[in-house]
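# Coordinates in review
As a plain string of letters, each chain reads:
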Amino acid sequence: MDDLEKAVLISFDETGTVDSALKSQAVAFCQQIKESPTVARVCIEKLVFCKLVQVQFWCLQTVQEVISGRYSLLSLEEKDFFRKSVFSLCGFDGIDDENAVRLLEGPAFIKNKLAQVLVTLIYFEYPLLWSSVFVDLLPQLSKGAKVIDMFCRVLNALDDELISLDYTRTADETVIANRVKDAMRQQCIGQIVRVWYDIVCMYKNTDQELCSGVLDTMRRYISWIDIGLVMNDVFMPLLFELILVDGSSEQLRGAACSCVLAVVSKRMEPQPKLNILQGIQIGRVFGLVTGDSDSELVSKVAALITGFAVEVLDCSKRVSTEDAKRVSTELMNEVLPSVFYVMQNCEVDSTFSIVQFLSSYVATMKSLSPLTEKQLVHVRQILEVIRSQIRYDPAYRNNLDMLDKIGREEEDRMFEFRKDLFVLLSSVGRAAPEVTQVFIRNALNSAVASSSDVNVEEVEAALSLLHALRESLSDESIRNGSGLLSELVPMLISTRFPCHSSRSVALVYLETITRYMKFVMENTQYIPMVLTAFLDDRGIHHQNLHVSRRASYLFMRVVKLLKAKLVPFIEKILQSLQDTVSQITSMDFTSNQCSGAEDGSHIFEAIGILIGMEDVPVEKQSEYLASLLTPLCRQIEVLLMNAKILNPEESPAKVANIQQIIMAINALSKGFSERLVNASRPAIGLMFKQTLDALLQILIAFPKIEPLRSKITSFIHRMVDTLGASVFPYIPKALEQLLAESETKEMVGLLVLLNQLVCKFNTSVHGILEEVFPTIAGRIFPIIPRNGFPSGPGTNTEEMRELQELQKTLYTFLHVITTHGLSSVFLSTKSRAYLEPTMQLLLYTACHHKDTVVRKACVQIFIRLIKDWSVGPYGGEEKLILFGEIVVAQKVMYEKFGNHFLIHFVSKSFQSAHCPQDLAEQYCQKLQGADIKAFRSFYRSLIENLRGQQNGNLVFR
């Protein structure tokens, strides 16, 4: 073993036992050898005599690098040396030395690498310099299986490295690939195909693995060679013989299938393609897919059948003659039953999309009316495929019920997987509505009839089909109960499935009822059934918490839809919900079982909608509302009385209980309109005012608990909408308490609340705003940077994001104030100290903020202030401040935009104010100067000068 061999072995070592320094030294030595001008001859000699596979691989890699990297620098003698040496190493020419190593007897990775080296030579030399390479190879194949195997590896490498379109190619590679293919078509591909045939015939009984390799190589080339070389009376019978004869190995039979699939998939004009598809007689292989679904042969035959169907469908769309359309229809009718079988029973090839194929097939039906009996059979089979595909695996049943990590992942996976299948179902439903509805009815009947221990997945799938069918139906057809809907919907509502305890079944059942509520709205006799389904153990009283919560939300949606139609059932509904409501109003502070915010709020919102309608008699309405609000407010009172003596263990549970109560009352109030509580039924409004007063006490008892403060703020929002102006007396007290302990995030909520008040009541809130603005400004201005926020690493913190959100909300707040006639708030005695900081902040933001919407809002604020303060009873100080900011703004604009600003401002604003040319020129000179005081003095005199001409306001604005 010489130094090079030692170095290669060390550099290839993966055991970790070699010293890293020694390994680095070995790699460096190998690299040094690579750079030697004689390295190619050294490598060829090693390949002839060295038996170490690591050395063989290194030498092959090096030879390939030399050819690909230095080919243009090689002499004619060196190129000839490479040709003869590589050709000999491939076994295509003998090496006389009896001590020579036979690479063809080595491992597969060495033979594959050797094939790549030969292909690298072909890349540079065929057909211009080495035109005979393939012709020279063919006679050598008589040497036996090892040479034939090497020949296949060379052709496979040629496909992988140059020809195949499965890989991205450069423009140069594409040109060379086309040149190689054109030369092979003209020179030798016919001979190569004949050799493939001869080899398979010769070895099919003695070396089936070799034959499989030959056919796999042939499959790669069928896409670009003359199809007649394979699709003929010689080769196709051989392929089908291999496929159909039981004695052959699955590998060989599968390889033959893949070749037929390559013939079927070859791109060509539709009529010749149709002739080929017809000539293949695909029906011969249908029986093979009924075997072991896990076998390689069944997988290959399945791929052939689905590929054949795809091509027939494509041809049917492109042929134009009636005869061709008839043939394509016959072929499709012949193959579809097997396609459906494959879809339901076999592992479908990854390149075949079930949904895409079936969607394309269904699309061909849309223009046909009526459908033929054969097509109706196909529709039923498509629906059966969809049903089988969307079924959950029973192995996940417990996981889905508990909704653990595995159950969640499976549910998410199926949700994505089902999307396209449900789109397909909608297409089928539009093409054949009656067949689709009959199928779903039968699926439901079948699922109900099966035993409860096996029908969970069947029922869930059947219900999911009915749920998804809604997408293909118009609102009108649902209202009218078109087709079988007048049977399906009542059947759905009235059925109690044996497996209703299953979470997945219960959820899709309720979701499906909700989707078809327009039918119930028109057919009110089914309302009692709907209510029963939601209120019994199929819905809100279901044993699974996930189901009961979702049922509460869906029930709220149902109530919103039916509204006045539910008035006769209010007593029954409230009675059924009594235990659920009591969970919210219970005083069990220590219990860890909570009905959940989502569940509680939706139940109370549904009740609020029910009892808040004017259709409810006033006495009953007051009675219902009092029965809900009184215990809730009483509970709040008890909690507040005990607030000071809470121990640390009790406090979180009680705070959670208070939150629950606030959310319940908030949700309840959504059903009551402002008109009802203030005008038609003021007694109801009084109840809500008393409730608001009670809840505001929470801010006093728990002044620093942010979740409670947030919930109270939300409730005040609701009361502003519900009580209208009658909420005013409660606002100052509420704002005082909320401002007392507010953090940055809470300040955002407060500003949003104030925005709501201003937008709803306009100048009526002037007094409230005048009181709170100084406090708000005093809190916000010190913590918001006046010159923008820092950027770069470490600045995107949660605190910084909260401040940015606060700043953005502040600008909205200032904009709302100025656009609702309340700009005088800034000039009040208490707020005057914040006037200049406010102007400076707005000016900086108008010029520098990255968000153009924010900049625009700040400019609009300035414009509004100018309009408000340039006229009217305001003093000179405010005008001076505003005037000063206008001057600074022009200076900033010039510094930012230069002469573009000057040209625009002078040509537009000055001309519209009829400003003399000499004054305009002086303005430009002063603005460009460094003395801001001199510019301010000049601008004031300019305004006075123009005002004398009654043009001052134009420039001032």
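Placed above this text is the structure.
Being a predicted model, the structure only gives us computed values, none of them experimental.

### Some details on the overall build of the protein chain
Across its full length, the protein chain carries 47 helices and 0 strands. Taken against the 2.2 N^0.38 rule, which gives 30 Å for 957 residues, the C-alpha radius of gyration of the protein chain at 42 Å runs more than 25% over that of a compact globule. In terms of overall dimensions, the protein chain has C-alpha extents of about 115 × 85 × 70 Å along its principal axes. Surface exposure of the protein chain reaches about 44,000 Å², of which carbon and sulfur atoms provide 51%. For the protein chain, the distance from the average position of its 97 positive side-chain charges to the average position of its 110 negative side-chain charges is 7 Å.

### So, the side chain of R538
When you line up the elements, R538 lands in the loop between α27 (527-535) and α28 (545-562). With a relative accessible area of 5%, R538 lands in the buried category. Among the polar contacts listed, one links the side chain of R538 to the backbone oxygen of T495, at a separation of 3.2 Å. Beyond its immediate sequence surroundings of up to four residues, R538 is in contact with I493, S494, T495, R496, H500, A506, Y509, L510, T532, A533 and V547.

### Re a negative patch on the surface
Together, E250, D292, D294, E296 and E347 line one region of the surface with negative charge. With respect to the helices, strands and loops of the structure, E347 is situated in the loop between α16 (322-345) and α17 (354-365). E347 gets classed as exposed once you look at its relative accessible area, which sits at 61%.

### Focus on unusual backbone geometry
A cis geometry characterises the amide bond from Y126 onward to P127, with omega recorded as 5°. Its location among the elements puts P127 in the loop between α6 (108-125) and α7 (133-137). Here the phi dihedral of K563 falls at roughly 40°; this positive angle occurs in a residue that is not glycine. Mapped onto the elements, K563 comes out in the loop between α28 and α29 (570-576). Judged by relative accessible area, K563 falls into the partly exposed class, the value being 43%.

### With respect to helix α33 (residues 651-669)
Its 19 residues place the ends of α33 27 Å apart at the C-alpha level, agreeing with the 27 Å of an ideal helix rising 1.5 Å per residue. Burial analysis of α33 places 14 of its 19 residues in the buried class, which makes it a mostly covered element.

### A few points about the pattern of salt bridges
Enumeration according to the criterion identifies 51 salt bridges in this entry. Between D868 and R864 there is a salt bridge, and its shortest N-O distance comes to 3.7 Å. Pair noted here: D868 and R864 are both in helix α42 (residues 852-869), with a separation of 4 residues, about one helical turn. A residue is classified by how much of its surface remains accessible, and D868, at 18% relative accessible area, is buried. Several salt bridges share partner residues, and in doing so they unite D80, R83, K84 and E125 into one network.

### Quick word on the packing of aromatic side chains
Per the counting criterion, the structure on display carries 18 aromatic pairs. Here the aromatic rings of F534 and F555 are separated by 6.1 Å at their centres, their planes lie at 45°, and the arrangement is tilted. Placement of F534 in helix α27 and of F555 in helix α28 is noted, with a sequence separation of 21 residues between them. A relative accessible area of 0% means that F534 is categorised as buried. Arranged with centres 5.7 Å apart and planes meeting at 55°, the rings of Y923 and F935 form a pair that is tilted. With Y923 in helix α45 (residues 917-928) and F935 in helix α46 (residues 932-948), the pair connects residues that are 12 residues apart, well separated along the chain. Take Y923: its relative accessible area is 0%, and that puts it in the buried class. Through a chain of ring-to-ring contacts, the aromatic side chains of Y71, Y123 and F124 assemble into a single cluster. In this structure, R41 packs its charged tip against the face of F81, placed 4.2 Å from the ring centre.

### Some words on the packing of helix α18 (residues 373-390) against helix α21 (residues 433-449)
At a minimum axis distance of 10 Å, the contact between α18 and α21 shows a crossing angle of 45°. Relative to α21, α18 is oriented oblique. In this structure, α18 meets α21 at a crossing whose hand is right-handed. Judged by residue contacts, L376, V379, R380, L383, E384 and R387 of α18 engage V435, T436, F439 and A443 from α21. Of the residues belonging to the contact of α18 with α21, the class tally is 6 nonpolar, 1 polar and 3 charged.

What counts as what
Residues numbered from 1 in each chain as written. Predicted model: local features only at pLDDT ≥ 70, side-chain atom pairs only at ≥ 80, totals over all residues. Heavy atoms only, no water. Helix = DSSP H or I, 4+ residues; strand = E, 2+ residues; numbered from the N terminus. Rg over C-alpha atoms; globule rule 2.2 N^0.38 Å. Areas by Shrake-Rupley, 256 points an atom, 1.4 Å probe, with all protein chains shown as cover. Lys, Arg positive; Asp, Glu negative; His and termini not counted. Charge placed at Lys NZ, Arg CZ, Asp CG, Glu CD. Buried < 20%, exposed > 50% of the residue type's maximum accessible area, 1.4 Å probe, protein only. Polar contact = N/O pair within 3.5 Å; in protein donor to acceptor, adjacent residues only side chain to side chain. Contact = heavy atoms within 4.5 Å. Patch = residues over 30% accessible without salt bridge, like charges linked within 9 Å, V, L, I, M, F, W, Y side chains within 5 Å. Salt bridge = Lys/Arg side-chain N within 4 Å of Asp/Glu carboxyl O. Expected span 1.5 Å × (residues − 1). Phe/Tyr/Trp six-rings, centres within 6.5 Å; stacked < 30°, edge-to-face > 60°. Lys NZ or Arg CZ within 6 Å of the ring centre and 35° of its normal. Axes fitted to C-alpha atoms, helices over the stretch in contact; angles between N-to-C directions. Parallel < 35°, antiparallel > 145°, perpendicular 65-115°, else oblique. Left-handed = near helix turned anticlockwise from the far one by under 90°. Nonpolar A, V, L, I, M, F, W, Y, C, P; charged D, E, K, R; others polar.

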